[in-house]
Each structure stands twice: as structure tokens, then as C-alpha cells.
Amino acid sequence: MVSEQKDDLQNLLNNITISIQNSKSSSELENIRVNSLGKKGSITLYLRNLKDYDIEIKKEIGAYLNDIKSQIKKLILDKKNFFKTEYLKEKINSEKIDISLTPYEAEIGTLHPLSRTIEELCAIFADMGFSIVDGPDIESDYYNFTALNIPEEHPARQEHDTFYLQPDSSGRRKVLRTHTSPVQIRTMEKIDLKNFEEIRYIIPGRTYRSDHDATHSPMFHQCEGLVLGKNINMGHLKGCLIEFCRTYFNEDNLPVRFRPSYFPFTEPSAEVDIGCKKENDGSLVIGEGEDWLEILGSGMVHPRVLQGVGIDPSKYQGFAFGMGLERLTMLKYGIPDLRPFYDSDLRWLKHYGFIPVDNPSLHSGLNGVFS
Amino acid sequence: MKFTWKWLLDHLETDKNISEILETLPKLGLEVASVVNLAEDLKSFISVEIIDVKKHPNADKLNVCMVFDGENTFNVVCGAPNVELGMKSVFASIGTFIPGLNLKLKKGKIRGEESFGMLCSEKELNLSENHSGIIELESSAELGLSISDIMDLNDPIIEIEITPNRGDCLGVRGIARDLAAAGLGNLRDLDIIFNDGEFDSIINWKIDLDKDEKYLCPKVFGRSFVNLKNDESPLWLKNRLTAVDQRPISSIVDITNYIMIDIGRPLHAYDIDKIKGTFLKISKSKKGDKFSALNGNTYELDDNMLVISDEESVDDLAGIMGGERTGVTKNTTKMFLEAAIFDQVSIANTGRKLNLNSDARYRFERGLDYTSPEMVMHYASAMINKICGGKSSKIVNFKIEQKNRIIKFDPNIINQLTGVKIENELSKSILEKLGFKIVCVENIWDITPPSWRPDIDGIADIVEEIIRINGYDKIPSIKLSRSNYIAKPAMSIKHRQTFFASRILANRGYNEVITFSFLNKEMADQFNGGGLALNLVNPISSEMTDMRPSIIPNLLSAVQKNVNLGAQDLSFFETGPIFKGDSPNEQISTITGIRYGDRIKKDWQKEAVTFDFYDIKLDVIKVLDTIGVPKNSLKIFQEAPEYFHPGRSAVFKIGQNIIANLGEVHPEIGDAFGLNKSAIAFEIFYENIPLPKRNKISRPMLKTSNLQPVTREFAFLINDEIESDRICQIAKSINKDLITDVKILDIYKGEKIPQEFKSIAIKVTIQPIQETLTDAALEEISADIINAIEKKLSGSLREI
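None of these values were measured; they are calculated from a predicted model.

*Asks:* Mind showing me how you'd approach the overall build of chain A here?
*Replies:* Helix and strand content of chain A: 12 helices and 10 strands. Dimensions of chain A, computed from C-alpha atoms along their principal axes, come out at roughly 135 × 55 × 50 Å. Counting over 371 residues, chain A shows a buried share of 43%. Of the contacts made within chain A by residues no fewer than 6 positions apart, 65% connect residues no fewer than 24 positions apart.

*Asks:* Explain the overall build of chain B here, please?
*Replies:* Assigned secondary structure in chain B consists of 20 helices and 43 strands. Computed over its C-alpha atoms, the radius of gyration of chain B comes to 41 Å, more than 25% above the 28 Å expected for a compact globule of 800 residues. When the backbone C-alpha atoms are referred to their principal axes, chain B occupies close to 125 × 90 × 55 Å. Relative to its full complement of 800 residues, chain B shows a buried share of 41%. Contacts spanning at least 24 positions in sequence make up 69% of the contacts within chain B whose residues lie at least 6 apart.

*Asks:* What is the right way to read the nonpolar core from this model?
*Replies:* Here is a general trend for soluble globular proteins: nonpolar side chains tend to be buried in one another's company. Leu119, Ala318, Met335, Ala380 and Ile594 of chain B are the most contacted members of the largest nonpolar core, which totals 264 residues. Looking at this core element by element, the count peaks at nine residues for helix H9 (residues 234-249) of chain A. For alanine 380 of chain B, the residues in contact, after removing those within four places along its chain, are Ile255, Ile259, Leu267 and Leu337 of chain B. The next biggest cluster of nonpolar side chains, apart from the first, holds 14 residues, and it includes Ile760, Val764, Ile766 and Ile789 of chain B.

*Asks:* For this particular structure, what's the right way to read the domain arrangement of chain A?
*Replies:* Accessible area lost upon the coming together of the parts serves often as the stated size of an interface. Domain parsing of chain A yields domain 1 (2-94) and domain 2 (114-352). Put simply, the middle of domain 1 of chain A and the middle of domain 2 of chain A, counted by C-alpha atoms, are 93 Å apart.

*Asks:* Would you explain the domain arrangement of chain B in this entry?
*Replies:* Considered domain by domain, chain B is made up of domain 1 (2-37 + 156-187), domain 2 (39-150), domain 3 (204-399), domain 4 (408-474), domain 5 (493-688) and domain 6 (710-797). Here domain 5 of chain B and domain 6 of chain B have C-alpha centroids that lie 35 Å from each other.

*Asks:* Could you clarify how one ought to interpret the sheet that holds strand E16 (residues 219-226) of chain B in this entry?
*Replies:* Whenever strands of a sheet pair, they do so through backbone hydrogen bonds, lying parallel or antiparallel. Residues and elements named next belong to chain B. Strand order across the open sheet formed by four strands is E17-E24-E16-E25, with antiparallel pairing between neighbours. Whereas interior strands pair on both sides, the edge strands pair on one side only; in this sheet they are strand E17 (268-271) and strand E25 (391-399). Along the sheet, successive strands turn relative to each other by an average axial angle of 20°, direction set aside. Here E17 runs beside strand E24 (residues 335-341); their pairing, made up of four bridges, is antiparallel. From the neighbouring strand, aspartate 271 faces E24, where its bridge partner is methionine 335.

*Asks:* Looking at this structure, how should I read the environment of arginine 361 of chain B?
*Replies:* Residue and element names in this part refer to chain B. By secondary structure assignment, the location of arginine 361 is in helix H9 (residues 359-366). Measuring from C-alpha to C-alpha, the distance between arginine 361 and isoleucine 347 comes to 6.8 Å, with 14 residues separating the pair along the chain. Among residues more than four places away in sequence, those in contact with arginine 361 are Gly319, Ile320, Ile347 and Gly351.

*Asks:* Explain the sheet that holds strand E41 (residues 739-748) of chain B here, please?
*Replies:* Residue and element names in this part refer to chain B. Reading across from one edge, E41-E42-E40-E43 is the order of the four strands in this open sheet, with antiparallel pairing throughout. Only two strands of the sheet have a single partner each, and these edge strands are E41 and strand E43 (796-797). In terms of strand pairing, E41 meets strand E42 (residues 757-766) through eight bridges, oriented antiparallel. From the neighbouring strand, lysine 743 faces E42, where its bridge partner is lysine 763. Relative to the sheet, helix H20 (residues 775-793) contacts strand E40 (710-719), E42 and E43, its axis offset from that of E40 by approximately 15°.

*Asks:* I keep staring at the interface of chain A and chain B and nothing clicks. Help me out?
*Replies:* Across the boundary between the two partners, chain A contributes 66 residues, which contact 81 residues of chain B. Taken together, the elements giving at least two residues each to the side of chain A that touches chain B come down to helix H5 (113-127), strand E1 (131-132), helix H7 (155-158), H9, strand E6 (256-263), strand E7 (266-278) and helix H12 (346-352) of chain A. Among the elements that take part in the side of chain A that touches chain B, H9 of chain A stands out by supplying seven residues, more than any other. Residue composition of the side of chain A that touches chain B, grouped by class: 37 nonpolar, 18 polar and 11 charged.

*Asks:* How should unusual backbone geometry be read in this particular structure?
*Replies:* Put simply, glutamate 267 of chain A and proline 268 of chain A share a cis peptide bond, and its omega is -10°. With respect to the helices, strands and loops of the structure, proline 268 of chain A is situated in strand E7. Look at asparagine 227 of chain B: it is not a glycine, yet its phi comes out positive at around 60°. Looking at where asparagine 227 of chain B falls in the secondary structure, it is placed in the loop between E16 and helix H6 (235-243). The class of asparagine 227 of chain B is exposed, set by 11 C-beta atoms lying within 10 Å. A positive phi angle is found at glutamate 756 of chain B, which is not glycine, with a value near 65°. Positionally, glutamate 756 of chain B belongs in the loop between E41 and E42. Assessed through the 9 C-beta atoms surrounding it within 10 Å, glutamate 756 of chain B is described here as exposed.

*Asks:* So what exactly am I meant to see when it comes to the packing of helix H14 (residues 493-507) of chain B against helix H17 (residues 613-626) of chain B here?
*Replies:* The angle between the axes and the distance between the axes are what describe a pair of packed helices. Residues and elements named next belong to chain B. Where H14 contacts H17, the axes come no closer than 9 Å and their chain directions differ by 145°. For the pair H14 and H17, the crossing hand works out as right-handed. Counting all contacts with H14, which are made through Phe500, Ala501, Ile504 and Leu505, the residues of H17 involved are Asp619, Lys622, Val623 and Thr626. Classifying every residue of the contact of H14 with H17 by side-chain character gives five nonpolar, one polar and two charged.

*Asks:* Explain helix H16 (residues 552-564) of chain B to me, please; I cannot follow it from the model alone.
*Replies:* In an α-helix, one turn spans 3.6 residues; hence positions three or four apart end up facing the same way. Residue and element names in this part refer to chain B. Its 13 residues give H16 an end-to-end C-alpha distance of 18 Å, which sits within 8% of 18 Å, the value for a rise of 1.5 Å per residue. For H16, every residue scored as buried is listed here: Ile552, Pro553, Asn554, Leu555, Leu556, Ala558, Val559 and Asn562. Residue glycine 566 follows H16 closely and has a positive phi angle near 100°.

*Asks:* Would you take a moment to explain the confidence of the model for chain B for this structure?
*Replies:* Predicted coordinates in regions of low pLDDT should not be interpreted in detail. Confidence in the prediction for chain B averages 92 pLDDT; 99% of positions are at 70 or higher. Confidence metrics for the complex model read pTM 0.86 and ipTM 0.88.

*Asks:* In this structure, what is going on with the packing of helix H2 (residues 26-37) of chain A against helix H3 (residues 42-49) of chain A? I would like to understand it.
*Replies:* Residues and elements named next belong to chain A. Look at H2 against H3: their axes get within 3 Å of each other, and the N-to-C directions meet at 10°. Taken as axis vectors, H2 and H3 run roughly parallel relative to one another. Across the interface between the two elements, Asn35, Ser36 and Leu37 from H2 touch Ser42, Ile43 and Thr44 from H3.

Cut-off values and rules
- Residues numbered from 1 in each chain as written.
- Chains lettered and ligands numbered in written order.
- Predicted model: local features only at pLDDT ≥ 70, side-chain atom pairs only at ≥ 80, totals over all residues.
- Helix = DSSP H or I, 4+ residues; strand = E, 2+ residues; numbered from the N terminus.
- Buried ≥ 20, exposed ≤ 12 C-beta atoms within 10 Å, placed from the backbone.
- Contact = placed C-beta atoms within 7 Å.
- Rg over C-alpha atoms; globule rule 2.2 N^0.38 Å.
- Core = buried A, V, L, I, M, F, W, Y, C linked by C-beta atoms within 7 Å.
- Domains from an automatic or database assignment.
- Pairing = 2+ DSSP bridges.
- Axes fitted to C-alpha atoms, helices over the stretch in contact; angles between N-to-C directions.
- Nonpolar A, V, L, I, M, F, W, Y, C, P; charged D, E, K, R; others polar.
- Left-handed = near helix turned anticlockwise from the far one by under 90°.
- Expected span 1.5 Å × (residues − 1).
- pLDDT = per-residue confidence, 0-100.
- Parallel < 35°, antiparallel > 145°, perpendicular 65-115°, else oblique.

Given below as C-alpha cells:
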């Protein structure tokens, strides 16, 4: 009796196993599950019929039946997993994309090389305790010349190629500043002498001269520097500018030469040259070499300039310097021509410009590595 | 200032070679601009004798010559009119570079006759402009020698840049003096033969200046010369003048020019026969006086220009240029020589007004040696008598004695000002070699600067003289350390604002440009500028006449340029000044930007989207956000300047202050720049942004809620005229604590709703703070929103 039923069950299991193996989809599999293990499924029904039997038979067949049930469950689960894996495989296969394509997106913009240079200067001079100040582009004759010890008839005035604005009703005409030096006067005028120890300023800005050719632009940029205190001497001028030149050009041993020169608003005055080598193709390599290249003017603030702003030159002394920013930029970054600086040619801007995330600083570097 | 090596050696006794001298000059402040040796160019030009001359068979004006260099003979075709048998001249063989023609000589046939070289003129050798014939050498000249040796041209020409304070170095002697002081040799004594003259001067001075105007001509000397022969100058003199770019003219003129270069002392020579009367009068001009200068131009003079005239008229602009009428010519036999001191300021003013430059003016303006007029009378006489023969008269003069300048000098100042320690003895010896006189009174020096250094007028000048000769390389280099400071930012708030704004804009695709601060009048007017106070008197071109009232026109022209170069999508910005007036507070710093073309380009994924007002609005908001604009204080109005499209532009304000203008550039202006798409621009006036009151570094405590936010969506029907954002503002105002965000999801206009209405769908985010909101509470908020919008905007809720 028992063995007969066991055979029956074995046959049932075999049939179900075959149908599971042959099933083609998870819905077919679900049908098999319902037909075998569901409420009205063959196995469930069989189990239900057991109630009419003896307890001994019930026990034996029941155990057998439970074993078959779990076998079927496992078979179904395995087949289900198989379908899942197959489905995923197929899905993934069908989801393949063409990685060679790149969508179009407007490019990130650039910062102008001159802005870059100004920021590099700020980083270098900030480290020496300088801060930045500004002054107006339209100046009176007094600030641009007279206060800087350049009286009306001074030959140096003629070298300035000054732009003049229309005279006012009293005949006075303003000028476009020919250098950033007038801001020296404006900053010194603001000094409160009662509490004055020292100032250190740099003044980058636009300057103007009525000259327009391959090497001159009617508008260009300068950076002025001013240090004034009780014990500032020409040795500090030298130390400060040597440090600047070497840091800016990133050359530990860059030769820096100080040469006597003349500016009406400094005395003694010095022109500063850096070492360079002229290559056969006419290009310049900054560093050790046979040649010298003039890059900035400097000197001790002229006593008469100090007196003019009410500072006693026997108590305070200091130095000033000025440099052309286009030239510094061209030298450092190998830009051959001046004129494109103001031409807004996108091709030039993209080529010589800098990416906005590259902030020049002493810790991240001043040399535009990735730009 | 140009001079030659041998000229320098006339004044400097030295065993140093030229490279040592050239190395020292810049250290003294005399920057070497160039060194050229003509002999280098002339090496292959040799002396030859013309041993045969035949007419060219096919050309009337040409000759076929046979020349002999001492070894070989050459056939040369020559067109010079002065070719003569037996004449010695200069020959260049085939392959020689001819500097005056800038070409290399090739073998050639000239009208059928072979020519194996060339007989040369001075012009072809770049020696002068003379091209009237070939060079004629002395008959004694040796054959086959380099022409630079025969003509004494092997003399390097040195050009140095002289700063405006060093008038004394506008003469070779001044340069030699500096070199001697630097220890590179000794200054030779000037070879002056004193000669008091044999007769009374034919011409006399008359000073027609008021007593208080005598300073205009504190000193003038003169003397007459007779029986002169004013021929061509000797070769050595011509060579020297040519080397320093002075054109040889005639002996007298050449001598005055020579002395000007030699000792920096300008002179002027009058032809006595052409002077009307016996006086030369020094006076001030009257407006309308006319003067025909030696340069061939006629000048109309103003009042108060210092002039020299005879009985007839003005014929010399003192210190600047002589007149044509009384100038010397080759026929001059009687000459009056002038050497004066004129006021530097007066000369500078006159020269500038007349725009008349000359070597004399250049030197007068920079200051002359006050003692030079008397000395030069003798120095020049000797040279004139030697070259032109004749006799010189007694000297006539007028002079005011100059006060001695004495500067009190404490030698300790040298170290104090420069950080260099120099022994007092060394400092003294440097000054003395430069011609300074020193009297020591205790520890203070009474210093008298030399007469040729009018620029020295203070302690700092004397310090410079000492450290200049001692060497700037001896100044110590002292590190300028930050000792008294903690590290502080170099940038002010304003600089940081542009620093940050630039980066945000570049990250959003803008390229930074820098454009000129000026533009043309038409654009200035169009952008509300163009005032007289901002108009340049001397613009460099008609495109750059006015200071810009806005950067937008500059950016439009940047767009135009790039469009013309084929670019399509452009975004530019500039941080820089604009000008509302000529005083410092009318210069306004702005951040200005422009966009043109497509924001999104069509590709396989996306359709193209053009830049519009909203892109720029976002740009402006992002920038303002970064540079410290308090979000809630910003208000937007539709009242931008008229250079914007009136319906597509706006102004951001804080209170009454305009923070930014933005919008589509007015189509008419876009047209003027030839743009066929709309340009969208903004200008941010960041100086109007109120600075944070306190510079607080620490931040307020962050408060967050862990409760889920709830969202509710509504759609309202409102009048189309109403600004859509008002719905958001009203909704938000219902409960500022709980409603954290209101977004517009959709705006619909069309068939499904009445005309003149729009439907706006919004999504309101409500963030419970302490406890979850009950349905009733949420309902209440929703009802409040609906009520408020119905009441304030006459809107009605629409079923979604």
C-alpha cells in the first residue's frame, strides 16, 4: 500500500521535474508551481487526502511527501533564478550603448592672461605683506605729473605721450594716467602720520599713452609698488625685487641686475634687468645667459615727492617700483605679440587664457600647470 | 647719443678695451643701445686705380673701365659721370654685399658688356647720401687695401641712452668723465688755445629783456670771424659726423655740430654779410612774428618766445634753431658765432608749442654747463681757424653771475638711504672725480656740484652719484620680511568680488576679455555717455575718442569681430571701469558680460536652444550669489536703460541702488554691429552692493529637520499681465517657517483657457519642523494659499 503510493508520488515528482525542466518562462513555471504546490495543486491535494489514512501510514507518506515538496520547491527556485540570470543577461546585452559618442556641451571659459599675471603678482607680494589699492584712470595733471616731481616743462613729460581730455571752463584739462604712479601720491596723502609705521602697497591698473604700433598700445597695464616706513632702504628694494623676479619667473638663480637710471619721482633710481638668453630664432629664454632684459623701474621715493604730501623725508623713507604687465606676461608665457591682448579673438583667448579653477597661489603654484 | 670709440679716447686716457668700457657704461646709468662697426660692412671694398676707360658701345652714359687692385685687373661697367683715367676709387668685386643697396653683387652683363664688380659711391657704402659720383680717393692711396682703413672708418659707433637728468652726457666728454670717475682711465685735459682776438667784433649783443626777465638769457657770448673759407670739411671730420648721424654740410656748420657732440655745447653761426645792422638783439617774440627756420619751414610765433633778431626781423629761435636768412653757406667768409645759456623752461615751452625738435633744443632743455659759453669761444675758434683759416675777433658778451649752489651733506645718509657702507674717503674721491667740490665742516660736508650738473639739487642726488660710481652691485640685498604682520589677504573685498565673479562666469562658459577704455563718439552717445568732459583732445583714432560709459558696446564689437571670423556661439565678460564723469568717484567698476548664439547646440541627443534673457538672469543671480548679495534684498524691475530691448530687459536693485542691468541688447544697436541674432548682456555695478556690516567668520548653527517634507501642487488661472513670480511670493508668504520652496512647474496659455489669462502650476514644498503635520494642518495651509492668491491676484484655482 505504502510502496504503491510512494511509486505514485515518485511518478508525480518525475513528471513535475520534467515539466520544470522543460518550462520556458517564469509564467509557465508559476503555473507549474500553482498546479503542484498551490491550493488545488496535485501535491497539496495529495497531502490533503492523507487525512483518511492511519497514523503510521500518514507519518511515513507525510514525510515522503514533504521531502518531495521541498525538492519541487528547490527545483522551481533554481529554475526561477536561472530565468532571472538569463533575463538580466539578455537585458544587459540589449542595453549596450555606443561609448564612442560624446554629447556637445559649451566649453568652460577662460581667464585673460593679464588677469592671471595680476593675480600672480598679488600672491607674491601678499607674501611680503603688501596689499592692493586702486586709483582713478582719469587723473589731474597734479597727480600724474606735478606731485611726482615732473613739472610742466620737464623733458620727461614729452616721453609720456599723454592723452588729454577736453578742458573745463577754467581751462584745466584732465589726463588719462600715463602710469600707475599717481596712486602713490593718493595713497600717501591718506596716511595718518600720528599712527604711521609702514605701508606696503601694490597698484595694478590700466594706463594710457597715445602711441599705437606693434609694440605699443594706447592702453596697457602697469603694476606700481610702494613701501614706505622708518627704516626702509635701497637694500630692501633690492631684496624685494629680486625675490619678486625669481618667484614670478620660477627660477631660483635668476640673475637680477640693478642699474642706475632716472625717474623724476625717485632718487636714487634703478632699472632692473633679468638674465636671459637670445635663441637663434629670436626668442628669449629667461634665466642664465649672456643677455640682460629690462623688466622694471624702481628707486627710493624722491624727498620732494614726500614733502609734497606732507611727509618728512628725514623721518620716513621708502621705495617704489613699476612694471609693465603685458611684457611680464609675454615673457613668462611665450606670447609673441602685444596687440592681440585687446583683440578679444576667441582663438587667442582659448589658447593663452587660463582655466578658472586654477587659482594662482604660493601653495598651489604660480605657473598655470594645467591651463 | 652716438659717439665713436676713437672719439671717446680723445677725452679718456685708458688702457681698457672697448668691451670693458661697454660693460661699465650701463653700471654707470648709461645704457648701451647699440654698437656698430662700419668697417665690418666695408671689409671687402678695396682701393683700385682706373687704368682704362672706354665708352660703352651700346649706351651713351656708360663707360667700360679696367680697374687694377695692385695684383689683378677687372672689367667694370660704370655709369658715374666723374669716372676718369688714373683716378683712384672704391671697388667691390662679385659676391660683395652692398649695404647702401641692400643687395649682393652678381656677375652681370650690362647692355651686352660684362661687368665683374662695381665702382661705388658714398651712398652705396652707406657713408652718406652722396650719389653724384663714385668715391675719389687721394692719388697717394695705396692699391688693394680695405677702404675702411684708407678712409679711417675702422671705428666702432656706440649709441647710449641718456636719461633726462644727464644733459652733461650729451657730449662725449661727459661720458669720458663718468668712466674716469669709475676708475677706467683719466680724463684728458681739454686742448684749449686761448685767443683774445685781433679786432673788435663786427656784431654786438643787445639784450632787450626786462630786468626780471634777464634769467631767460643769463649769459650770451659771441665773436666774429673774417677771411674764412667755408669748404667741405676734412675726411676725418666728415667721417665722425656721419658716424653719429650728423650730415656733413660745410666746415663751419660741421664744426659747430662737432663741438655739440664733443662737449655737449650747441653753437650757432650767422653769416655776418646777411645780418642787417651791427647788433643781434635777444628779446621776446610778439604774436604773429614769422620765422623761417633752417629746416625750410616757416613758423608763426606766439608771444613770449625767446628770439634773436637783427634790424630786419627775427631770424633765430633761441636755443632751438637758426634762421634761413642769416645762415652760413659755402660762400660765407665772415661769420658770427653764438654760445649762450637760455632758460630751460622757456625753450621747452617754445619747442613744444611749435612742435620743433632739434639737437640744440634737446640739450638746452636738459641744462648746459653754465661756464661753457666763455670756454667754447676759444675751443671753437682754434678749430675754425685751423680748418677754415681766417682771423677771430674779440669776444662780446653779456652775463649774470650765478650763485654757487652749496648742498649740506651728512655722509651717514648714504648708509641710511641705501644700506651700503662706504668709507668717507672713497665717497669724497668719487665726488671729486665727478667734479664736485667738498669742504668739510666737522661731520657735515659743504658740497658744490660741478657747473655741468645742473640736475644735482639735493642730498638724494649726491647719494646716487656716490653709489652709482661705487656700483649698485655693492648695495646689499635685504629680505623684505613680513615681520610686523600676520599673513593678510592682499585683496580688498572689491578685488575679491571680481576675483570670484570672474571664476563663476568662466565656469559658466564666459571668456574673459580686456578691451580699451575708450570707444567712438557715436557709441558713447548711444550708451548715454559722450559728454564733453570725457572726450579726448588727442585721440589716437576716430574709433577711440570717448571714455566708455558702458562696456557693452566693446563686447558687442568683440562679438562682431569673432562672428566675422566664423565663430557662432560667444560668451564674453570683462571686469573694468566705465566713466560717468571725469572725477574719481565717477569712475565705476563693473562686471559686464554678453552672450550670443546657442546655449545648447543641436546634436544626436538634444535640440538647439538659443541664449535668452533667462540665461543671463541666471548668470547674474549666480554671480551676485557668489559676491555677497543678500538674496532677499534683491528686487527686479522692468526699467533697464534704453540700450536694452524694452520688453526683454530688467534691473536688479537693492533699495534704490541699481545692482545690475540685464537683457537683450536693443535690436537697433545689434543691427549697427551687423549681428543677425539677439545679443544678451548684463552689467553688474558691484560697488553698489552693501558690504556685510560685520566681518563675521563663524557661522550660525545649522538647524535641520529629520521629518519628510510634503509637497502640494496647485494650478491657478490669473491675468496674463500679472508677473508670474508674484504667485510664488504670495504662496511663500503664507507661512515663512514651513514653506521652504515654491516652484513654477508650468505656464499655459491657449485654447483651453480664456484669452488674457494664463494658467500657472506651482509646487509648494512644506517642511515640518518639530512634528509631522496633520492632514488638517496641511489643508489649512493649502486653503490659505488658495485664498490669498484669489484675493490678491484675482486668481482662481484650476483643476489639474
